[in-house]
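Descriptive analysis of the structure
One letter stands for each residue in the lines below.
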Amino acid sequence: MSESAAPPPLEALSAELATLRPRMDAVSLAIHARPELKFAEFHARELLTGWLAQAGFAVRAPAGGVETAFVAVHEGTSPGPRVAVLAEYDALPGIGHGCGHNLIAAGGAAAAIAVVRALPEHPGTVAVIGTPGEEMGGAGKIRLAEAGVFDGVDAAVMFHPGDRSLTARPGLAAAHLRAAFTGVSAHASVSPWEGRSALAGAQLFLHALDAMRQFVPPTVRLHGIVSAGGQAPNVVPADAAVDLYVRDRTAASVEALVERVRAAAEGAALATGTRARVGETGPMYAERRNNLVLAERFGEAVRALGVDIAPGDPDGPAGSSDIGNLSHLLPVIHPYIQIADTGTPGHSVALREAAATPFAHERTQVAAAGLARVVADLLTRPEFLAAARAEFRGASRPVPCRS
Ligand SMILES: [Zn+2]
Ligand SMILES: [Zn+2]
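All values derive from a computational prediction rather than experimental measurement. (Residues numbered from 1 in each chain as written. Chains lettered and ligands numbered in written order. Predicted model: local features only at pLDDT ≥ 70, side-chain atom pairs only at ≥ 80, totals over all residues. Heavy atoms only, no water.)

1. Looking at the nonpolar core
The test is simple: Residues grouped as a nonpolar core are buried Ala, Val, Leu, Ile, Met, Phe, Trp, Tyr and Cys residues, joined through side-chain atoms within 4.5 Å. Between buried and exposed lies partly exposed: a residue is buried under 20% and exposed over 50% of the maximum accessible area for its type, with that area taken using a 1.4 Å probe on protein chains only. Strands here are runs of E lasting at least two residues and helices are runs of H or I lasting at least four, both read from the DSSP assignment and numbered beginning at the N terminus. Here, residues are in contact when the closest pair of their heavy atoms is within 4.5 Å.
Phe-57, Phe-298 and Ile-339 are the most contacted members of the largest nonpolar core, which has 65 residues in total. Looking at this core element by element, the count peaks at 12 residues for helix 10 (residues 358-380). Setting aside residues no more than four positions away along its own chain, Ile-339 makes contact with Leu-103, Pro-161, Gly-162, Leu-351, Ala-354, Ala-355, Phe-359, Ala-360 and Arg-363. Membership of the second largest hydrophobic core comes to 28 residues, among which are Ala-173, Val-242, Ala-251 and Met-284.

2. With respect to the coordination of the zinc ion (ligand 1)
Using the following cut-off: Any N, O or S atom lying within 2.8 Å of the metal counts as a donor, and for Na, K and Ca the limit rises to 3.2 Å; water is left out, so some sites can look incomplete.
Taken together, the protein donors to the zinc ion (ligand 1) comprise Cys-99 (SG), His-101 (NE2) and His-160 (NE2), at separations of 2.0 to 2.3 Å. Taken in sequence order, the residues that donate to the zinc ion (ligand 1) follow the motif C-x1-H-x58-H. Separation of the zinc ion (ligand 1) from the zinc ion (ligand 2) amounts to 3.1 Å, with Cys-99 serving as a shared donor to the pair. Of the two residues, His-101 is situated in helix 3 (residues 101-118) and His-160 in strand 6 (residues 160-162); the sequence distance between them amounts to 59 residues. Just as His-101 is buried, His-160 falls in that class too.

3. Digging into helix 6 (residues 251-272)
This is how the line gets drawn: In this analysis, the expected span of each helix is defined as 1.5 Å times one less than the number of residues it contains. What the arc describes is the spread of directions from the helix axis to the C-beta atoms.
Spanning 22 residues, helix 6 covers 31 Å between terminal C-alpha atoms, matching the ideal 32 Å at 1.5 Å per step. For helix 6, the complete set of buried residues consists of Ala-251, Val-254, Leu-257, Val-258, Val-261, Ala-264, Ala-265, Ala-268, Ala-269 and Thr-272. The buried residues of helix 6 occupy one face: seen down the axis, they fall within an arc of 135 degrees. Exposed residues pointing more than 90 degrees away from the buried face of helix 6 are listed as Ala-252, Glu-266, Leu-270 and Ala-271. Contacts from the buried residues of helix 6 go to strand 7 (173-182), helix 5 (198-212), strand 8 (221-228), strand 9 (239-248) and strand 10 (275-285).

4. Topic: the coordination of the zinc ion (ligand 2)
Listed as protein donors to the zinc ion (ligand 2) are Cys-99 (SG), Glu-135 (OE) and His-347 (NE2); their distances from the metal cover 2.0 to 2.3 Å. Sequence spacing of the donor residues for the zinc ion (ligand 2), all on one chain, is C-x35-E-x211-H. Accessibility expressed as a relative area gives 41% for His-347, which makes it partly exposed.

5. Concerning the confidence of the model for the protein chain
Should the pLDDT be low somewhere, the predicted coordinates at that spot are not to be read in detail. Rules: Values of pLDDT, ranging from 0 to 100, describe the predictor's confidence in every residue of the model.
Mean pLDDT for the protein chain: 96, with 97% of residues reaching 70 or above. Note on residues 396-403: pLDDT is under 50 here. Beyond four places in sequence and across chains, it has 12 contacts.

6. Description of the packing of helix 7 (residues 292-304) against helix 11 (residues 382-394)
As a reminder, the rule being used: To obtain each axis, a line is fitted to C-alpha atoms, and for helices this fit is confined to the stretch in contact; angles are then taken between N-to-C directions over 0 to 180 degrees. Between 65 and 115 degrees an angle is taken as roughly perpendicular, under 35 as roughly parallel, over 145 as roughly antiparallel, and anywhere else as oblique. Under the convention adopted here, Pro, Cys and the residues Ala, Val, Leu, Ile, Met, Phe, Trp and Tyr are nonpolar, Asp, Glu, Lys and Arg are charged, and Gly plus all remaining residues are polar.
Where helix 7 contacts helix 11, the two axes come as close as 8 Å, and the packing angle between them is 130 degrees. One finds that helix 7 runs oblique with respect to helix 11. The residues of helix 11 that touch helix 7, namely those facing Leu-292, Val-293, Leu-294 and Arg-297, are Phe-384, Ala-387, Ala-388 and Glu-391. Of the residues assigned to the contact of helix 7 with helix 11, the class counts are 6 nonpolar, no polar and 2 charged.

7. Things to note about the packing of aromatic side chains
What counts is decided by this rule: To pair, rings of Phe, Tyr and Trp, with the six-membered ring standing in for Trp, must have centres within 6.5 Å; the planes then decide the type, stacked if under 30 degrees apart, edge-to-face if over 60, and tilted in the middle.
Taken as a whole and judged by the stated rule, the model has 2 aromatic pairs. On the basis of an interplanar angle of 15 degrees and a centroid distance of 6.0 Å, the ring pair of Phe-70 and Tyr-89 is categorised as stacked. Of this pair, Phe-70 sits in strand 2 (residues 70-75) while Tyr-89 sits in the loop between strand 3 (78-87) and helix 3, and the two are 19 residues apart along the sequence. On the numbers, 5.8 Å between centres and 50 degrees between planes, the contact of Phe-181 with Phe-205 is tilted.

8. Details of the domain arrangement of the protein chain
Test applied: The split of the chain into domains comes from an automatic or database domain assignment. Here the quantity called buried area is the accessible surface, traced with a 1.4 Å probe, that two parts lose on coming together, added over both.
Domains assigned within the protein chain are domain 1 (3-171 + 288-394) and domain 2 (173-284). Listed per partner, the contact involves 9 residues of domain 1 and 9 residues of domain 2. Across the interface of domain 1 and domain 2, roughly 630 Å² is buried in total on both sides, 41% from carbon and sulfur atoms. On the domain 1 side of the contact with domain 2, Gly-137, Asp-315 and Ser-320 bury the most area, a combined 50% of that side's loss.

9. A look at the sheet that holds strand 10
This is how it is decided: Criterion used throughout: strands pair if DSSP finds at least two bridges between them.
Taken in spatial order, the 4 strands make up an open sheet running 8-9-7-10, and their pairing is antiparallel. Looking at which strands have only one partner, the edges of the open sheet turn out to be strand 8 and strand 10. Going across the sheet, the axis of each strand differs from the next one's by a mean of 20 degrees, ignoring polarity. Running at roughly 20 degrees to strand 9, helix 5 makes contact with strand 7, strand 8 and strand 9 of the sheet.

Shown next as structure tokens:
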């Protein structure tokens, strides 16, 4: 390793981020103002790749066969680790950026640019990987991993905005399902007895899930919507569907629950004279393995910049993300930075509004400094990467595959 590759002090990374701040805010707010759903994030991709190209990154887009994905790399002057910062930029239907992915994207790009500015002679490779389609079971990261985009990547880092700051929050495994019911259409008044209502099948299925709820572990989440329920009150619905997620702490537990959900759908179909078919709308998200060596380094940097950050409760409430699947392939972190009052729900209008405030962008700058700290250390301190790898190997379990 060259002598010029000593890890830069946090102050140097922070100073670079301060100069990047106007562009970071502009990119973030432009993404926020034009929310794009999974795999339609063309505007966000253009904003991010344009900025990264100007900053000297070689941009490849699309990537991994996903139209709105990208890979932007900055090659160093000597061999070394390949470290990726992940950028999510998809929004939610009806809510827009209620998950704050505009901040993840702009902050992630800023973090990577800050590293290569503070460390122009860095060894290895700094990559920003644009991972679209995280929401709605899109599984963008899983698709990219299957396409080989993460091959040779030694570690991947990102942060997520929220209502509290946590270095390592659990993430549940989640199956993304659709229970489709097929009945027989008929006039709803003249001859309803000729029909069989698919909507009745869907209703009974939802009741069955509610009846199941007491008899599943307290960590389970079963939740869904009626995504099709007929088109006119005077037609007995021949088609209905419930889209639902089944979540728990492990993919193995989720798989067992999915079998019970299938049985519930079949029972509801039998009772209503309809047919049920339960299928996946996307790959299962695996439970998250946070790399604590990397997460704690992020936490140290964030604390040094004046933001309180807690370690995170392994039994605390949790969502799910496709980074769970990545976390079984390589060391990753997915810490949270508070951008809204404690108690502000995720996926809400309130969080969407918070994700556009100056405060959220101040916090994103701090989170970007934390990511830059971890990336710079991974590039320049072999013992740090070795410790992260040792933790990863020590906790290794079979990789949950898509079914
Ligand atoms: Zn999110
Ligand atoms: Zn979300």
